[in-house]
Structure formats: C-alpha cells, structure tokens
Amino acid sequence: FVSASLDCLGDHRSALLCPYVQSEPAAAMIDSLFIISGTGSYLVERHFRGTTPRTVCEPLVERIRASEKLEGFPAVFSSNRRQVMIHVVREKTVFLAVVSHEEAPLAVLELLDRVYQVLFRYLGEVNEDNLRQNFSTVYLLLDEMIDSGMPFTTELNSLESIIAPPSAIGKVVQAVSGSSTQVLSDVPADPNESGAFGALTSALGAASHTSIGGASAEVWWRRQNINYTSNEVYVDIVESVDCICSGNGQMISGGISGEVLINSKLSGIPEVLLTLRNPGVLQNPCFHPCVRHQRYLRDKALSFIPPDGEFMLASYWIPDVTMSLPFHFTVSVNYHSDHGKLQIAASPKLAVTMQHKQMLIDKFVVNVRLPSSIASANLSCVGGNIRFDEDAKVIVWNLGKLASQESKAEGTLTYATDPKDGSARIPSEEKSTAQLAFTIKGWAISGVRLDACDVSSVSYAPYKASRYTTTSGKIEYRIA
C-alpha cells in the first residue's frame, strides 16, 4: 500500500514535502519510530539511522501528559530545523515517526497506519499491556516491515509466514523452554534432536513449520497450503463522507472516501472476479498488488487471487459537492439582548429510505460548538438525549436511530457576566458550528453496487456475501 500511495501522489509529491528539512537525497523514509501510550510513556522505540534522542518527541509527549486532545495537534510538525515529526493516533496510542530528509508525509502516514494494522492483527487490541507482553514479536515485526528506514515487507500474509502470531499454546511453550518468539522456517524439524520436549510441542501444535513465501513467486501475497472446511468470501464496501455545509444546508465542499474490504477464507489458489454495476463511480482508485490492473483498465472488473484473511482490495476518493445526504438537518442559534436561542431539527429523507428499505441511519450524534461567553443552557429534545458540556462549550445531542418522524431539540442559552461591571457578555464575532456523526447500514452514498462475485479455479462452491456501510467523516455545518 505504501508503494501504491507513492504512485498515487504523482506530480503532487513536491507540494507535500515536509517543511524545515534538508534538501539532500533521502537515504531512508524515516529515521526512528516511537510508539507512545496515552499517558505519555514510551512503549517501543526503533532507530534505523542513528539514535534519535527522546527530547525530540517532548513537544508531543508533554501535550499527551497534559491530557490535551491530540485531534487538534498537527499530524506533521517540527520541533527543530533538522527533524520533522509525523504521527497518527490509534486506540489512544501514538505512532510517531522522525524524519530528517525530504519525504512525502502521506507515505509516512500510510506506513504508520500499516504498522498499526499489522500489530492489531497480531495482538488484537493495541495497548500498553499487549505491547509489553509481546515485545519480542513487536520488534521482530518492525525489523521485517522496515529495513534501514524504508518499507520492506508490509503484507500481512507474508509476515505471518515468517513470524508466528502469538498464541496461548505458543506462550506456554516459550515459558517452558525459555525461547523467544517463534520464527517460522521452511526447514523441517528433526524429531530425533528435539527429544521429549519436541514431542510435547508437536502434540500441542506449537512446532509446526510453515513454508516461507507465497504460493508462488507471482503470488507472493498468499500463503501456501491453505485449507478450510467451510469456504467463504465476504465483501464490505465502506464509504466515509467529508463535507462543509452552509447554514442553509448548501454544500460548500465535500467528498467521499471509500474502501473495498475483503475477508477471504478460501482453500487452494482461487481466482476471484468482482464485477461492479457502475464501475465509473470509482474515481482516483488505489489497488492492492493482487489486483490485475490491466484487466481493470480494459474491463473495469477487479480480477485477483486474494490474500488469506482480511485485507483492503481497493480504496478510492470521489470529490463531489453535489451529493445529497440521506437526511434533513437544520440548526440555528440566535443571540438576543438577555439570552440566546437554539433550535435543531433532523429527519430522514423519505425518498431515499423508501427506495432503499434496508438502510438504517444509526448512531446519529450532533455536536454544536458555542462561543466561550455561554455560561449555561436549558435544553429539551424530542428523541434521544441532550446535554451541555460547560467545559468544552459544546451541546451534545445523541439521537441514536434516526426515526421516520422529525426529531427536534431546542434550548435557552445563558450568557456569562463580565466580572468588572456585571454586564452580560453577548457573543458578537464568534460563530457557532455543528458537527454530525452517523452510521448508515445497507447503503453506499456514492451509489456503487456489487453486481457479481465469481470464484473459479477451485472445485468447491464457496459461500459469498456483501454489505454496504456509510459513515461520517468530518461533517460540519456553519451556523450563520
């Protein structure tokens, strides 16, 4: 995916270069990698080009320790003129890369996200306890994924064929033998050399020797000798909406980012062909290496031999300011001389819900950010629950499922008083904004639909299923 992201940058690569870096040939993508907990503790650090002192990371670590929200902290920042820090936050854990040469931030962000995905696949939840308990596995993975600061092996199937995922049986064997994380080998073990302990590990199933590499040199992303008693393949199309709307609901800017996710549990080496009903919807696509690109350019069909397990087959970005959200939403905030007035209304669009009866708008949440001069709010709502966060100056209306009838919320806002003369501090210049969050099941906002999923080159008939999900990215309404 990192290489694909670099290809997607194209001529825009120079416009995305990190600031304050030396313009000399880059010998590595990153110098060092730090994994930092939500409390500011250093959990993992791996250096690829010399040793980067921890003091370089202190601006970010101090902010974490001060319990400040990292969402507002820039993903790319510099604490000195020699090094740039690039980070992502996943599960309250910070993945931080230090860069000292000219490099595309998007590629580094993609690499950091890939590191998180691999650790999630191996450890489950990526937290402080799991990282400490499996530190040897973590360092082995980092050594395989990043070589001298450059991405090396990032495909999950390839990594799993080299480094065995931790398991309860494996931990028992390690505790008894005192050995470290199991590195798989394609050389069969000699039972005569293993003795009684070898017989024990073989009986527990912890001494299996998986062949390193893919099913062939051309299919390096798929493990060898895969067998399932129940063969299944699932296709998930997940889309996220990002947009900015004016107070009257007119869209100012917006776009749709989508992912085609596959969960493959197929034996042998199957050929899979995905046919889309409207392939023209996919704009700016980025594909997994298993996709036959020439076939897609010719037939607009996704032909591939899938890796084993879960993976992202393709991603795409659709810039679109004409898209229509599947609900009505209005919000207004008016300031009078003695108080303020808030009104919010939301309801699904019947034309959309009647056409797609399987769709469900769920987890609908509205956050209205108010000026700092608002001291309190007296709120009421029809549907869901509503509250006012006095510290953050945010009204949170949690609707849950958006019902067919219109849901309303209103409230009276009380101004803070000036400590000098006791007069009310009426907001004048500050504007309010409303952020929306939701999940829509059974519907893709772009209109993309899967027409067929054909599996060939195998003797069985697998179970096949697909589903569609639309989620909110960053949706903001500017309140006039």
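Now for the overall build of the protein. For the protein, the count of helices and strands is ten helices and 23 strands. Put simply, the protein has 480 residues, and 45% of those count as buried. Considering only intrachain contacts with a sequence separation of at least 6, the fraction spanning at least 24 residues in the protein is 69%. Carbon together with sulfur atoms contributes 50% to the accessible area of the protein, which is approximately 23,900 Å² in total.

With that settled, the discussion passes to the nonpolar core. Core analysis: the largest hydrophobic core is formed by 72 residues, its most contacted members being Leu274, Leu313, Phe327, Phe329, Phe364, Val368 and Ile395. A total of six residues in this core trace back to one element, the largest contributor, which is strand S8 (residues 232-245). Those residues within four positions of leucine 313 in sequence are excluded, and the remaining contacts are Val260, Ile262, Leu274, Cys286, Phe287, His288, Cys290, Val291, Leu302 and Phe304.

Look at glutamate 91: it is not a glycine, yet its phi comes out positive at around 55 degrees. One can find glutamate 91 in the loop between strand S4 (84-90) and strand S5 (93-99). Its relative accessible area of 34% is what places glutamate 91 among the partly exposed residues. Located in the positive-phi region is asparagine 225, a residue other than glycine, with phi close to 55 degrees. For asparagine 225, the location among the structural elements is in the loop between helix H8 (191-204) and S8. Taking relative accessible area as the criterion, asparagine 225 reaches 67% and is therefore assigned exposed.

You can see threonine 153 is positioned in the loop between strand S7 (150-151) and helix H6 (156-160). If sequence neighbours within four positions are ignored, threonine 153 has contacts with Glu144, Met145, Ser158 and Leu159.

Listed as buried for helix H2 (residues 58-65) are Leu60, Val61 and Ile64. Mapping the buried residues of H2 onto a view down its axis gives an arc of 95 degrees, with all of them on the same face. In this structure, the buried residues of H2 make contact with strand S1 (32-36), strand S2 (42-47), strand S3 (76-77), S4 and S5.

Among the structural elements, histidine 87 can be located in strand S4. Residue histidine 87 is classed as buried on the basis of its relative accessible area of 4%. In contact with histidine 87, not counting residues within four places along its chain, are Leu60, Phe73, Pro74, Ala75, Phe77, Val94, Phe95, Leu96, Leu109 and Leu112.

Sheet strands pair via backbone hydrogen bonds, and the direction of the pair is either parallel or antiparallel. Spatially, the nine strands line up as an open sheet ordered S11-S13-S9-S8-S23-S21-S16-S19-S18, and their pairing is mixed. Among the strands making up the open sheet, the edge pair consists of strand S11 (286-287) and strand S18 (385-389).

What follows covers the sheet that holds strand S10 (residues 271-276). Spatially, the three strands line up as an open sheet ordered S12-S10-S22, and their pairing is antiparallel. If you trace the sheet from one side to the other, it starts and ends with strand S12 (301-304) and strand S22 (450-456), each paired once. Sheet twist, expressed as the mean angle between neighbouring strand axes with direction ignored, is 10 degrees. One ladder, built from four bridges, connects S10 with S12; its direction is antiparallel. Bridged to leucine 273 within S12 is serine 303.

Low-confidence regions, as indicated by low pLDDT, have predicted coordinates that should not be scrutinised in detail. Per-residue confidence for the protein averages 82 on the pLDDT scale, and 82% of its residues sit at or above 70. In this model residues 185-189 is a low-confidence stretch, pLDDT under 50, and it forms eight contacts with partners more than four residues away in sequence or in other chains. In the predicted structure, residues 199-212 sits below a pLDDT of 50 and forms 27 contacts with residues beyond four places in sequence or in another chain.

What counts and what doesn't
- Residues numbered from 1 in each chain as written.
- Predicted model: local features only at pLDDT ≥ 70, side-chain atom pairs only at ≥ 80, totals over all residues.
- Heavy atoms only, no water.
- Helix = DSSP H or I, 4+ residues; strand = E, 2+ residues; numbered from the N terminus.
- Buried < 20%, exposed > 50% of the residue type's maximum accessible area, 1.4 Å probe, protein only.
- Contact = heavy atoms within 4.5 Å.
- Areas by Shrake-Rupley, 256 points an atom, 1.4 Å probe, with all protein chains shown as cover.
- Core = buried A, V, L, I, M, F, W, Y, C linked by side-chain atoms within 4.5 Å.
- Arc of directions from axis to C-beta.
- Pairing = 2+ DSSP bridges.
- Axes fitted to C-alpha atoms, helices over the stretch in contact; angles between N-to-C directions.
- pLDDT = per-residue confidence, 0-100.

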